[in-house]
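Fold and geometry: a report
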Amino acid sequence: NAGVTQTPKFQVLKTGQSMTLQCAQDMNHNSMYWYRQDPGMGLRLIYYSASEGTTDKGEVPNGYNVSRLNKREFSLRLESAAPSQTSVYFCASSDPYRDRGETQYFGPGTRLLVL
Amino acid sequence: AQTVTQSQPEMSVQEAETVTLSCTYDTSESDYYLFWYKQPPSRQMILVIRQEAYKQQNATENRFSVNFQKAAKSFSLKISDSQLGDAAMYFCAYRRGNNDMRFGAGTRLTVKP
């Protein structure tokens, strides 16, 4: 049981390049999330998906797109990377049906550097 | 918008001693959840403890306990018998419905041997 996995662990991009961050969970959770973490700040929600086939914007969605490919996978795409998107990205999942409190379980993070 | 404030950017504690990390939050809701997450140098976010707002009893998990003051909107974390492995960033988080989770800026805890 791997929990939440993310790929890649680290990536360097040039301004204007695109890339997709991958996330998968094996806990059969319905809800999945993408956060970014910047120095001196807590995590901020980019997008979330309450169930397969649905996605919603979080606090900082600009410059990002997401896809909930199936129940297990939730990807985050940067179409045209900007230096302001340099950050550590975390994926998380939770299960509102088995846990009313919806504790979120996090992946190990992806460190992204945009030059 | 709900906000979470951690007023202590850094704290230090002697090994085996007790330390309390502070957290306050702003909300007009009555039903919500509060969490403390630990982030060691590996960057992995690890759940330490959580509290349901409708429960009056403070949550406890082994050496970790909280002091939840709902009227004061305060949610502090007490770590007893501190260990070297407790050294990490600690984030307080608030969640009500609709997947709306808000994190504080974090407190860096150093444990001195």
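Attention here is on the structure that accompanies the text. Counting from 1, residues in each chain are numbered in the order their sequence is written. The naming scheme follows written order: chains are lettered A onward, ligands numbered 1 onward. The model is predicted, so local features are restricted to residues of pLDDT at least 70 and side-chain atom pairs to those at 80 or more, both for listing and for counting; the totals for chains, interfaces and linings are taken over all residues. Excluded from the side-chain calculations are hydrogens and water; all other atoms, namely the structure's heavy atoms, are used.

**A word on the pairing of strand S3 (residues 19-25) of chain A**
Residue and element names in this part refer to chain A. For clarity, the threshold we go by: For every residue, the accessible area obtained with a 1.4 Å probe (protein chains only) is divided by the maximum for its type, and the residue is called buried under 20%, exposed over 50%, and partly exposed between those limits. What counts as a helix is a DSSP run of H or I of at least four residues, what counts as a strand is a run of E of at least two, and both are numbered from the N terminus. DSSP-based pairing: two strands are paired if at least 2 bridges between them are found.
Across the 7 residues of S3, 5 count as buried, placing the element largely inside the fold. Bridge count between strand S1 (residues 4-7) and S3: 4 bridges; the pairing is antiparallel. In the sheet register, Val 4 faces S3, and the bridge partner there is Gln 25. Pairing between S3 and strand S8 (residues 74-78): 3 bridges, direction antiparallel. Looking at S8, one finds that Thr 20 is bridged to Arg 77.

**Thoughts on the packing of aromatic side chains**
Test applied: Classification of ring pairs rests on two measures: the distance between centres of Phe, Tyr or Trp rings, Trp counted by its six-membered ring, which must be within 6.5 Å, and the angle between planes, read as stacked under 30 degrees, edge-to-face over 60 and tilted in between.
For the coordinates displayed, the defined rule picks out 14 aromatic pairs over all chains. Here the aromatic rings of Tyr 25 of chain B and Tyr 32 of chain B are separated by 5.4 Å at their centres, their planes lie at 65°, and the arrangement is edge-to-face. As far as the burial class goes, Tyr 25 of chain B and Tyr 32 of chain B line up, both buried. Three or more aromatic residues joined by ring pairs make a cluster, and in this case those are Tyr 33, Tyr 35, Phe 90 and Phe 106 of chain A together with Phe 35, Tyr 37 and Phe 103 of chain B.

**A short note on the interface of chain B and chain A**
Worth spelling out the cut-off: It only takes one pair of heavy atoms within 4.5 Å for two residues to be counted as in contact. Reported buried area values correspond to the accessible surface (1.4 Å probe) lost by two parts on association, with both partners' losses combined. For salt bridges, the criterion is a side-chain nitrogen of Lys or Arg within 4 Å of an Asp or Glu carboxyl oxygen. Side-chain atoms alone can form a polar contact between residues adjacent in sequence; in general such a contact is a pair of N or O atoms within 3.5 Å, and within protein one must be able to donate a hydrogen while the other accepts it.
Each partner contributes residues to the interface: chain B has 21 residues there, and chain A has 26 residues. The junction of chain B with chain A conceals about 1900 Å² of combined surface from both sides, 45% of it contributed by carbon and sulfur atoms. Counting across the interface, chain B meets chain A through 1 salt bridge. The closest approach of N and O atoms between Glu 59 of chain A and Arg 102 of chain B, which form a salt bridge, is 3.9 Å. Linking chain B with chain A are 5 residue pairs in polar contact (both at pLDDT 80 or more). Elements supplying a minimum of two residues to the side of chain B that touches chain A: strand S5 (33-39), strand S6 (46-52), strand S10 (88-95) and strand S11 (101-103) of chain B.

**Side note on the nonpolar core**
Condition: Buried Ala, Val, Leu, Ile, Met, Phe, Trp, Tyr and Cys residues form a nonpolar core when they are joined through side-chain atoms within 4.5 Å.
Ranked by size, the top nonpolar core spans 25 residues in total, and within it Tyr 25, Trp 36, Phe 75, Leu 77 and Tyr 90 of chain B carry the most contacts. Secondary structure elements with two or more residues in this core: strand S3 (19-21), S5, S6, strand S8 (64-69), strand S9 (74-79), S10 and strand S12 (107-112) of chain B. When residues of this core are assigned to their parent elements, the largest contribution, 4 residues, is made by S10 of chain B. Residues Leu 13, Val 60, Cys 91 and Leu 112 of chain A belong to the second largest nonpolar core, which totals 21 residues.

**Side note on a nonpolar patch on the surface**
Residue and element names in this part refer to chain A. Worth spelling out the cut-off: Only residues above 30% relative accessible area that lack a salt bridge enter a patch, with like-charged residues linked at up to 9 Å and the nonpolar side chains Val, Leu, Ile, Met, Phe, Trp and Tyr linked at up to 5 Å. For the area figures, the Shrake-Rupley method with a 1.4 Å probe applies, and any residue is considered shielded solely by the protein chains shown.
A surface patch of nonpolar side chains, amounting to about 280 Å² of accessible area, comprises Phe 10, Val 12 and Leu 115. Along the chain, Val 12 turns up in strand S2 (residues 10-13). Judged by its relative accessible area of 36%, Val 12 falls in the partly exposed class.

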